[in-house]
Amino acid sequence: MDLQYALLLIGIVIVTVVAVTAFDKARVSRAPRDARSIRESGITIVGPEPRVEIPVTPLADPANKFLRTDAEITPRGKTRHEVLRQELKSLEEVATLPLNLAAGLRPRGFREPEPGREYAPDAKIDFVIHFPGTPLVSRNMALGIFKQHEYKLNKPRHLYGLRYQSNQWSDLELDPEKSEYEDLKIAIQIVDGKGPIDESELNIFIQLGLQLADALARPTRLPLTVEEGLAHAREIQQFCETYDVIASIHVAPGAEAVFPGRVIEMAARQIGMQFGPKNIFHMRNDLPLGGRYFFSMANQQETGRFDPQAWDTFTTPGLVLFMNVPCAHHPAVAFDKMVTAAKALSDILGGRMQDQDGHPLTDKGIAVIRHQIEEIGDKMEAFDIPAGSETALKLFNEDSAS
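Residues numbered from 1 in each chain as written. Predicted model: local features only at pLDDT ≥ 70, side-chain atom pairs only at ≥ 80, totals over all residues. Heavy atoms only, no water.

### Quick look at the overall build of the protein chain
Okay, so step 1: Along the backbone of the protein chain there are ten helices and 17 strands.
Okay, so step 2: Taken across its 402 residues, the protein chain has 43% of its residues classed as buried.
Okay, so step 3: When contacts within the protein chain are restricted to residue pairs at least 6 apart in sequence, long-range pairs at least 24 apart make up 75% of them.
Okay, so step 4: Accessible surface, the protein chain as shown: approximately 21,800 Å² in total, 55% of it carbon and sulfur. (Helix = DSSP H or I, 4+ residues; strand = E, 2+ residues; numbered from the N terminus. Buried < 20%, exposed > 50% of the residue type's maximum accessible area, 1.4 Å probe, protein only. Contact = heavy atoms within 4.5 Å. Areas by Shrake-Rupley, 256 points an atom, 1.4 Å probe, with all protein chains shown as cover.)

### With respect to helix H6 (residues 226-243)
Okay, so step 1: With 18 residues, H6 should reach 26 Å at 1.5 Å per residue; the first-to-last C-alpha distance of 26 Å fits that figure.
Okay, so step 2: Every buried residue belonging to H6 is among Val226, Gly229, Leu230, His232, Ala233, Ile236, Gln237, Phe239, Cys240, Thr242 and Tyr243, and all of these are buried.
Okay, so step 3: Of the surrounding elements, those touching the buried residues of H6 are strand S2 (126-131), strand S7 (191-192), strand S8 (195-196), helix H5 (199-216), helix H9 (363-382) and helix H10 (390-395). (Expected span 1.5 Å × (residues − 1).)

### Points about helix H8 (residues 331-349)
Okay, so step 1: For H8, with 19 residues, the first-to-last C-alpha span of 26 Å sits near the 27 Å given by 1.5 Å per residue.
Okay, so step 2: Those residues of H8 that sit buried are Pro331, Ala332, Ala334, Phe335, Met338, Val339, Ala341, Ala342, Leu345, Ser346 and Leu349.

### A short note on the nonpolar core
Okay, so step 1: By size, the foremost hydrophobic cluster in this structure holds 85 residues, and its most contacted members are Phe127 and Phe335.
Okay, so step 2: The element contributing the most residues to this core is H8, with nine residues.
Okay, so step 3: When neighbours within four sequence positions are excluded, Phe127 is seen to be in contact with Ile186, Ala187, Ile188, Ile190, Leu202, Phe205, Ile206, Leu222, Leu224, Thr225 and Gly229.
Okay, so step 4: In this structure, Tyr119, Tyr160, Trp169 and Ala187 belong to the second largest nonpolar core, which totals seven residues. (Core = buried A, V, L, I, M, F, W, Y, C linked by side-chain atoms within 4.5 Å.)

### Some words on the sheet that holds strand S12 (residues 274-276)
Okay, so step 1: Pairing is antiparallel across the open sheet formed by six strands, whose spatial order is S12-S13-S14-S16-S10-S17. Single-partner strands in this sheet number two, and they are S12 and strand S17 (351-354). With direction set aside, neighbouring strand axes in the sheet form an average angle of 30°.
Okay, so step 2: In terms of strand pairing, strand S10 (residues 246-253) meets strand S16 (residues 319-324) through six bridges, oriented antiparallel. (Pairing = 2+ DSSP bridges. Axes fitted to C-alpha atoms, helices over the stretch in contact; angles between N-to-C directions.)

### Considerations on the side chain of Gln356
Okay, so step 1: Structurally, Gln356 is set in the loop between S17 and H9.
Okay, so step 2: Within the local environment of Gln356, its side chain forms a polar contact with the side chain of Asp357, the two groups lying 3.2 Å apart. (Polar contact = N/O pair within 3.5 Å; in protein donor to acceptor, adjacent residues only side chain to side chain.)

### Focus on the environment of Phe205
Okay, so step 1: Its place among the elements puts Phe205 in helix H5.
Okay, so step 2: The contact partners of Phe205, leaving out residues within four places of it in the chain, are Phe127, Ile129, Leu153, Ile186, Ala187 and Ile188.

### A few points about the environment of Gly388
Okay, so step 1: Note on placement: Gly388 falls in the loop between H9 and H10.
Okay, so step 2: Along the backbone, Gly388 and Gly290 are 98 residues apart, and their C-alpha atoms lie at a distance of 3.9 Å.
Okay, so step 3: Every residue in contact with Gly388, bar those within four places of it in the chain, is listed here: Leu289, Gly290, Pro326, Cys327, Ala328, His329 and Leu393.

### Looking at the environment of Met273
Okay, so step 1: As for its placement among the helices and strands, Met273 is situated in the loop between helix H7 (261-270) and S12.
Okay, so step 2: Ignoring anything within four residues of it in the chain, the contact list for Met273 reads Ala268, Phe281, His282, Met283, Phe295, Ser296 and Met297.

### Things to note about unusual backbone geometry
Okay, so step 1: Following Thr134, the chain continues to Pro135 via a peptide bond in cis, the omega torsion being 0°.
Okay, so step 2: Tracing the sequence through the fold places Pro135 in the loop between S2 and strand S3 (137-138).
Okay, so step 3: For Asp384, which is not glycine, the phi torsion reads 70° and is therefore positive.
Okay, so step 4: By the element assignment, Asp384 lies in the loop between H9 and H10.
Okay, so step 5: Since its relative accessible area comes to 43%, Asp384 is described here as partly exposed.

### Quick notes on the confidence of the model for the protein chain
Okay, so step 1: The predicted model of the protein chain averages 81 in pLDDT, with 71% of residues at 70 or higher.
Okay, so step 2: Predicted confidence for residues 49-63 stays below pLDDT 50, and this span has 22 contacts to residues more than four positions away or in other chains.
Okay, so step 3: When the criterion is pLDDT under 50, residues 87-110 qualifies, and its contacts beyond four places in sequence or with other chains add up to 16 contacts. (pLDDT = per-residue confidence, 0-100.)

In structure tokens, the structure reads:
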């Protein structure tokens, strides 16, 4: 008899688990599809904020991310007064930026909250689920539920809360354990370095949202349906493919056939570059805007790397300075810095500057590349994702390059 009761109990548990799982999947599969199913699931689609549509037109061959000196350019039509005003604006922004005293001292992947900074979803590139309501929710309770399920996701994701009393949004992972929140939001980045989010992962994310809402007894609000979210991801992916470009300058030996390693190392340090990640040299950006480097310098050979253990025996037939255009704040200014560095290296090493095809890099060629960079900056600004912004750094995966 005891065995029969035990088997009966096990059967009830299995049936219950299967039923709950099927119920969750049914909610996820029908929630975003149509208005009737949205109402039945308890999900509210609040709708996206209106935005200006900017046509995305490629500036370079997608198969070749490097800007070329032989590209066709059209006059930009800026007056000298407008150019000077833009340059003054850049100088003013740089002059008023606070110094980043911790630059270069933190290990990769280390995160700690910056005093006074608000951490919130990025509506431009995140799919967000909002959980308004009462009563207050503790950090450990909400984060515990989130952590039980977020491991199923591949794209970057975060749990944000509106802090009680401070009325400021923050990332729960960075908050003290005793924090409490009035509102909660979870967000997943719909495009990253691996491409756009797919329907399967977006549905898993919504399922996570439903589980969190059930546990907290709160309503669920979405800005978009799954179809709208996937369409927006494709739009952002096209934006990334269009503007994920690199500007480069090659420095080739003059009278000699190769550059000696020790001479390269000394010349790089003389112009302010530091040896670092990926075994190449970098010109560090210590300002809080833009990527961590203005530009970098690699060995022109296939691997691109230098061997720091063999400076006295290492040689290379050339060097290449390069910058990730969409990750630079005021990318044309960063390019000017790279041109200055390339000229200084050429003088120190007795080399000559070349373009990507090995032709002499003339002032005209430099102007053509700079024009393309300015155009990229203008179009990224018009798309409301400025070059070097935090959104751009997330999209173009700047952190993974170091």
